[in-house]
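Tertiary structure, described
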Amino acid sequence: MTSVLRPLLRIKAGLKLCRSRSVFEHSFVLPRQLTGTSSMAMAQQKSIMNYFKASPKKDGAAKASTAASTATPAEAGTSVADDLSEKDFDPSSDSYHPINDAIWRKGEKTPYLALAKTFEKISAESKRLEIIKTMTNFFRSVMLLSPEDLPKCLYLSLNKVAPAWEGIELGVGDRIVTKSIVAATGFTEKKLAEMKTRLGDTGAVAAECRSKQRTLVAPKKLSVEKVFQKFIDISKTSSKGSEAKKIEIIKGLLADSQPVEARFIVRALKGNMRMGLAETSALIALANAAILSPPGHQGKHRVTKTADSRAEEFIQAVNIMKRGYNEHPNYDTIASALAKGGLPEVERRCKIKPGIPVKPMLAHPSKGIEALLERLGDLAFVSEYKYDGERAQVHRDDKGKITVFSRNQEDHTSKFPEVVKRLPKHANEGITSFILDTEVVAFDVINKTILPFQVLTTRKRKNVEEGDVKIQVCLYAFDIIYLNGESLISMTLRNRRELLHEHFSTTEREFMFATHEESNDPEKIQEFMNKAIEDKCEGLMVKALDRAYEIDKRSNNWLKLKKDYLDTVGDSLDVAIIGCYKGSGKRVGTFGSYLCAVYDKDKEEFQSLCKLATGFSDEQLETFTAECKELIIPKPLNNYRCNLVPDYWLTPKLVWEIKGADLSISPVHTAGIGKQDPAKGISLRFPRLMHVRTDKNPEDANTGEDVVRMYRAQAAVQGNKKPFNDDEDDDY
DNA sequence: GATGCCTGCCC
DNA sequence: ATTCTGC
DNA sequence: GCAGAATGGGCAGGCATC
């Protein structure tokens, strides 16, 4: 029915506005080179295979059905009107015209409905090129019709309200969202929980509530500007009574929203858009939009039937956007520059500058030295200790102002006053400005030894005075990105390191260079890794020496090697599965995580060790879900000692081998409780599934004793400079 | 004032 | 953080 | 191999509630 109505509506709207349009003057196809991945043949074969093994749980299918199920009530709820906003809006169409097919006119505010419908289309699609095309079309319309909304559209698409370093938080999570939906729609929390189980997404819950709700008054139309402003209002709400105020604001938004709008408002508030488009794709879409519909361009929209002929232009545009964003990760700047002056303006304004964080280079895990060497090929490389602390990008601008940024561009300057104070003395004479890449590590200055990450996390975070500092830190510098007014990101690591060592001086216990070694002999690397672990590091970072710090080209250009990545070592444990949790998103309909326990033989009880949510394939997830459904019990067994309450308790039957990086004293888990700590148990950092153990009974799982023994072995390594190899025979 | 839940952000 | 998956 | 999604432990800080 809708499919019959849609063309009619479109024709009607088209006639009313006396617009003519040509299908050919604006269609375009993205060049394949943009992603440069699999061949057509492979893609086709894969899609055929998917068809045959298709199950309702497959992501694509789940996405499609979600879209279909909510599109209908959304359409049904609206009446046929002459209003543009009631027109069908489909930016995923190949023949989308950024002006004629938009549902708002030049100079009008961008309707939030248009953005939400764009999200809806994107959510229903799994092909990246299609997703980018859809987003591109929406951005083209915004650039042409309401360019001042572009930054807000970008923020709302990517789920932010301000640059990370401004420290603006919504302070909205599950609880506040749920209460707001209750307030706005009248559904009970219990009912909402049921819907959440079925739909796997609170956004979808909100949409369904709105579509079932009878409204007497036609809701006001939401604009992108208004929604964004409300988010800002929420972020500014604080202190006593703020929760109620936030709920009131969200309630107001939901009251004015159509189902599809409610869906994405809620997803944004929850901090998870999960539509298959995130930062990188949004930047690509912006770049494409800038080429197809440059700012101020009002004439014909350029024909790009043979995309390959313009591939180079697209690639250049994407490079400019990515580079601009990585050097100046601010949506306001990049989007307003683009809207105002196109790509050249982005190039002008988005440049690396001390005081503004740069996106940091990241590393890929590597399974072992052989894999690592293979990946590096003939490239020369250096290995460095991988310190277990917190990434710190330390800036000094030409006025001497020091700023410290976290890995995610948060401003942590006020967290490390002593670091800020003493930093100038580590820079040699003549240094005016710089950006250093470092790891802050908790340091025992008396015993001159590195302390575990968990110690570092206990430091105060806000408004720290030098006198407050109880946990000392040492900075380990490993890279330099900017020096004396010049960007070094195009320089090789070899040369950057030279500059770092040349222009900075170490101070014991305060500022050191990351310990490193330049050997490509596997045995030497293994020794170096052992030494790193003896020295309380996580393992090694391995970096090609002749590569630039160009994260727009390859953000994961470094490799990391940790002992728990190796199959032969690491804390591996056999655990009983005693509970499970309902999955959401792509895990809807399955159990998305599992509660793991060890068996304490003395006390004859199961004690929780950790939850587990990774390491299994989608197929295993299905299997586990089916298995667990047979094991559900109404309440925990008497011999379960567990502070957490899973969605479902299970009879102990399944035994899985899991692995983690470290053991930690836990505030919630109970494994080995009373043995290492009188009231606390032990848990596992970075738990993941390794194998299913069909050969073991739950009582044969590892014990609380085992966990404590492993914890002590690890503590011994951490405390006494014993090589980790010494304990291996005991544990494995 | 103490306690405990929620949120954001480290890993 | 770790891991899996479609492209 | 990229990009994205779904999920882990555990801390401080903020707010609600007792």
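Cut-offs and rules
- Residues numbered from 1 in each chain as written.
- Chains lettered and ligands numbered in written order.
- Predicted model: local features only at pLDDT ≥ 70, side-chain atom pairs only at ≥ 80, totals over all residues.
- Heavy atoms only, no water.
- Helix = DSSP H or I, 4+ residues; strand = E, 2+ residues; numbered from the N terminus.
- Buried < 20%, exposed > 50% of the residue type's maximum accessible area, 1.4 Å probe, protein only.
- Contact = heavy atoms within 4.5 Å.
- Areas by Shrake-Rupley, 256 points an atom, 1.4 Å probe, with all protein chains shown as cover.
- UniProt positions renumbered as here; feature names shortened; annotations may be inferred.
- Domains from an automatic or database assignment.
- Buried area = accessible area lost by both parts, 1.4 Å probe.
- Near = heavy atom within 4 Å.
- Polar contact = N/O pair within 3.5 Å; in protein donor to acceptor, adjacent residues only side chain to side chain.
- Nonpolar A, V, L, I, M, F, W, Y, C, P; charged D, E, K, R; others polar.
- Salt bridge = Lys/Arg side-chain N within 4 Å of Asp/Glu carboxyl O.
- Pairing = 2+ DSSP bridges.
- Arc of directions from axis to C-beta.
- Core = buried A, V, L, I, M, F, W, Y, C linked by side-chain atoms within 4.5 Å.

Moving on: the overall build of chain A. When its secondary structure is counted, chain A shows 23 helices and 22 strands. Put simply, chain A has 732 residues, and 53% of those count as buried. Across chain A, every contact between residues at least 6 apart in sequence was considered, and the portion connecting residues at least 24 apart equals 74%. Summing over all exposed atoms, chain A offers an accessible surface of approximately 33,900 Å²; the carbon and sulfur share of this is 50%.

Under the UniProt annotation, the feature "domain: ATP-dependent DNA ligase family profile" (unreviewed entry) is placed at residues 466–600. Within the segment residues 466–600, helix and strand shares are 18% and 38% respectively, and the terminal C-alpha atoms sit 45 Å apart.

Turning our eyes to something else, we now look at the domain arrangement of chain A. Its domain assignment divides chain A into domain 1 (112–159 + 277–349), domain 2 (164–270), domain 3 (362–565) and domain 4 (573–718). Relative to domain 4, the C-alpha centre of domain 2 lies at a distance of 35 Å. Listed per partner, the contact involves five residues of domain 2 and four residues of domain 4. Of the roughly 310 Å² buried between domain 2 and domain 4 on both sides combined, carbon and sulfur atoms contribute 53%. Of all residues in domain 2, the largest losses of buried area upon contact with domain 4 belong to Lys-196, Thr-197 and Gly-200, amounting jointly to 86% of the total for that side.

Another point: the side chain of Glu-550. Along the chain, Glu-550 turns up in the loop between strand 11 (539–544) and strand 12 (558–562). Overall, the relative accessible area of 17% leaves Glu-550 in the buried class. The contacts of Glu-550, once residues within four sequence positions are left out, are Arg-323, Met-361, Ile-489 and Ser-490.

Attention now moves to the protein's contact with DNA strand B. If you check the shell around DNA strand B, you find 19 residues, and the closest are Gly-173, Arg-391, Ser-406, His-412 and Arg-461. Close to the protein, within 4 Å, the atoms of DNA strand B belong to sugar or phosphate groups at a rate of 91%. Note that a phosphate oxygen of DNA strand B is positioned 3.4 Å from one of the backbone N or O atoms of Arg-175. Between Glu-410 and DNA strand B, the recorded distance is 3.2 Å, taken from a side-chain N or O atom to a phosphate oxygen. Counting residues per element, the ones that place at least two in the surface near DNA strand B are helix 7 (174–185) and strand 3 (390–396).

Turning our attention to the protein's contact with DNA strand D. Taken together, 46 residues sit near DNA strand D, with Ser-239, Gly-276, Ser-281, Gln-454 and Ser-664 positioned nearest. Sugar and phosphate atoms represent 92% of those atoms of DNA strand D found within 4 Å of the protein. At the level of elements, helix 11 (242–255), helix 13 (279–292), strand 14 (591–600), strand 15 (605–612), strand 20 (662–666) and strand 21 (681–685) are the ones that each hand at least two residues to the surface near DNA strand D. Looking at the surface near DNA strand D residue by residue, the classes come out as nine nonpolar, 22 polar and 15 charged.

Under the counting rule described, the total for this entry stands at 50 salt bridges. In this structure, Lys-425 engages Glu-510 in a salt bridge whose closest nitrogen and oxygen atoms are separated by 3.0 Å. Pair noted here: Lys-425 is in helix 17 (residues 417–426) and Glu-510 is in the loop between helix 19 (493–503) and strand 9 (511–513), with a separation of 85 residues, a long-range link. Each of the salt bridges in this network shares a partner with another, and the network as a whole consists of Lys-386, Asp-388, Glu-538, Lys-562, Asp-662 and Arg-685.

Within strand 14, ten of the ten residues are buried, which leaves it mostly tucked inside the rest of the structure. Pairing of strand 13 (residues 571–582) with strand 14, which is carried by six bridges, proceeds in the antiparallel orientation. In the strand pairing of strand 14, Ile-577 is matched with Cys-596. In the sheet, strand 14 pairs with strand 15 via seven bridges, with the strands oriented antiparallel. Within strand 15, the residue paired with Tyr-599 across the bridge is Phe-606. Linking strand 14 back to strand 15 in an antiparallel pair, the connection comprises four residues, with Glu-604 at a positive phi of about 55 degrees.

Here the focus is the environment of Ser-366. For Ser-366, the location among the structural elements is in the loop between strand 1 (363–365) and helix 16 (369–376). On the accessibility criterion, Ser-366 (6% relative accessible area) is buried. Along the primary structure Ser-366 and Met-541 are separated by 175 residues, whereas in three dimensions their C-alpha atoms are 9.7 Å apart. The contacts of Ser-366, once residues within four sequence positions are left out, are Ala-371, Leu-372, Lys-560, Leu-561 and Tyr-565.

Another aspect to go through is the environment of Glu-410. With respect to the helices and strands, the residue Glu-410 is situated in the loop between strand 4 (402–405) and helix 17. Considering only alpha carbons, one finds Glu-410 and Ala-164, 246 residues apart in sequence, at a separation of 5.1 Å. Those residues within four positions of Glu-410 in sequence are excluded, and the remaining contacts are Ala-164, Trp-165, Val-404 and Phe-405.

With that settled, consider the pairing of strand 3. With seven of seven residues buried, strand 3 lies mostly within the body of the structure. The two faces of strand 3 match: Glu-390, Ala-392, Val-394 and Arg-396 on one face and Arg-391, Gln-393 and His-395 on the other face are all buried. Both strand 3 and strand 5 (residues 434–444) contribute to a ladder of seven bridges, which runs antiparallel. Bridge pairing links Val-394 to Leu-436 in strand 5.

Before going further, it helps to examine helix 16. For helix 16, the complete set of buried residues consists of Ile-369, Leu-372 and Leu-376. Viewed end-on, helix 16 has its buried residues packed into an arc of 60 degrees, placing them on one side of the element. Projecting away from the buried face of helix 16 at angles above 90 degrees are the exposed residues Glu-370 and Glu-374. In this structure, the buried side of helix 16 is in contact with strand 2 (381–386), helix 20 (522–534), strand 11 and strand 12. Where helix 16 ends, the next residue or the one after it, Gly-377, has phi of about 60 degrees, a positive value.

For the rest of this paragraph, the subject is the nonpolar core. Burial of nonpolar side chains together is a common tendency in soluble globular proteins. By size, the foremost hydrophobic cluster in this structure holds 89 residues, and its most contacted members are Tyr-112, Phe-138, Phe-139 and Phe-231. Ranked by residues supplied to this core, first place goes to helix 13 with ten residues. Here this core spans two domains, since at least three of its residues come from each of domain 1 (112–159 + 277–349) and domain 2 (164–270). Discounting chain neighbours no more than four positions away, the residues touching Phe-139 are Leu-150, Cys-153, Leu-154, Ala-282, Ala-285, Leu-286 and Ala-289. In terms of nonpolar packing, the next biggest core, distinct from the first, is built from 39 residues, Ile-352, Ile-489, Phe-528 and Met-541 among them.

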